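Observations on chain architecture
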Amino acid sequence: QVQLAESGGGLVQPGGSLRLSCAASRSIFRLYNMGWYRQAPGKQRDLVASITSGGSTNYADSVKGRFTISRDNAKNTLYLQMNSLKPEDTAVYYCNPNPPNGNWGQGTQVTVSS
């Protein structure tokens, strides 16, 4: 099983940027379709961005044009570049295969507040 560890979250002001990273434990990571998910308090966990093993991307309407998902298979790492952050982006962000396999890690907290 590929183990995943998220990092890069933090506190930023509205309009700011963050880059999240997800480090995978095995090179077989390159064969997975992957996604970034987020969960705000009291809400379900939603897929916000996805990328196929071949590099094709899709985004939730709420983040389209602001977030960019990418992967570096040589480093077994998934990224989420988040720009023009809004308070409604505040959530714990997780990486997982797409569709998810149910094995969720701790995620990384993103807080957007003035």
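The rules behind each value
- Numbering of residues begins from 1 in every chain and follows the order in which that chain's sequence is written.
- Local features in this predicted model are restricted to residues whose pLDDT is 70 or higher, and side-chain atom pairs enter the listing and the counts only when it is 80 or higher, whereas totals over whole chains, interfaces and linings include all residues.
- To get the side-chain values, all heavy atoms of the structure are used, and hydrogens and water are removed first.
- Numbering of helices and strands runs from the N terminus; a helix is a DSSP stretch of H or I covering at least four residues, while a strand is a stretch of E covering at least two.
- The reference for a compact globule is 2.2 Å times residues^0.38; the radius of gyration itself is calculated from the C-alpha atoms.
- A simple rule labels every residue: compare its accessible area, found with a 1.4 Å probe on the protein chains alone, to the largest value its type can have, and call it buried under 20%, exposed over 50%, or partly exposed in between.
- We call two residues in contact when some of their heavy atoms are within 4.5 Å.
- The term salt bridge refers to a side-chain nitrogen of Lys or Arg lying within 4 Å of a carboxyl oxygen of Asp or Glu.
- Any two strands with at least two DSSP-identified bridges between them are counted as paired.
- Note on method: axes are straight lines fitted to C-alpha atoms, helices fitted across the in-contact stretch only, with angles between N-to-C directions ranging 0 to 180 degrees.

**Structural notes on the overall build of the protein**
Secondary structure assignment for the protein yields 0 helices and 10 strands. Order of helices (α) and strands (β) in the protein, N terminus to C terminus: β-β-β-β-β-β-β-β-β-β. Against the compact-globule benchmark of 13 Å for 114 residues, the protein has a radius of gyration of 13 Å, which places it among compact chains. Per-residue burial for the protein yields a buried fraction of 39% across its 114 residues. For the protein, long-range pairs separated by at least 24 residues make up 53% of all intrachain contacts whose partners lie at least 6 apart in sequence.

**A look at the pattern of salt bridges**
Under the criterion given, the structure shown has 3 salt bridges. One salt bridge in this structure joins aspartate 89 and arginine 38, with 2.9 Å as the shortest N-O distance. Of this pair, aspartate 89 sits in the loop between strand 8 (77–82) and strand 9 (91–97) while arginine 38 sits in strand 4 (residues 34–39), and the two are 51 residues apart along the sequence. The salt bridge involving aspartate 89 is made with arginine 66; its shortest N-O contact spans 2.7 Å. Taken as a pair, aspartate 89 in the loop between strand 8 and strand 9 and arginine 66 in the loop between strand 6 (57–59) and strand 7 (67–72) lie far apart in primary sequence, 23 residues in all. Among the residues examined, arginine 66 registers a relative accessible area of 10% and is labelled buried. One network of salt bridges, in which partners are shared, links Arg38, Arg66 and Asp89.

**Observations regarding the sheet that holds strand 7**
Pairing is antiparallel in the open sheet, where 4 strands are placed in the order 1-3-8-7. The open sheet has two free edges, formed respectively by strand 1 (4–7) and strand 7, since each of these has just one partner strand. Strand-to-strand, the axes of this sheet are offset by a mean angle of 15°, without reference to chain direction. Relative to strand 3 (residues 18–24), strand 1 runs antiparallel, the two sharing 4 bridges. Within the sheet, the bridge partner assigned to serine 7 lies in strand 3 and is serine 21.

Keep in mind that these numbers describe shape and distance, not what the molecule does.
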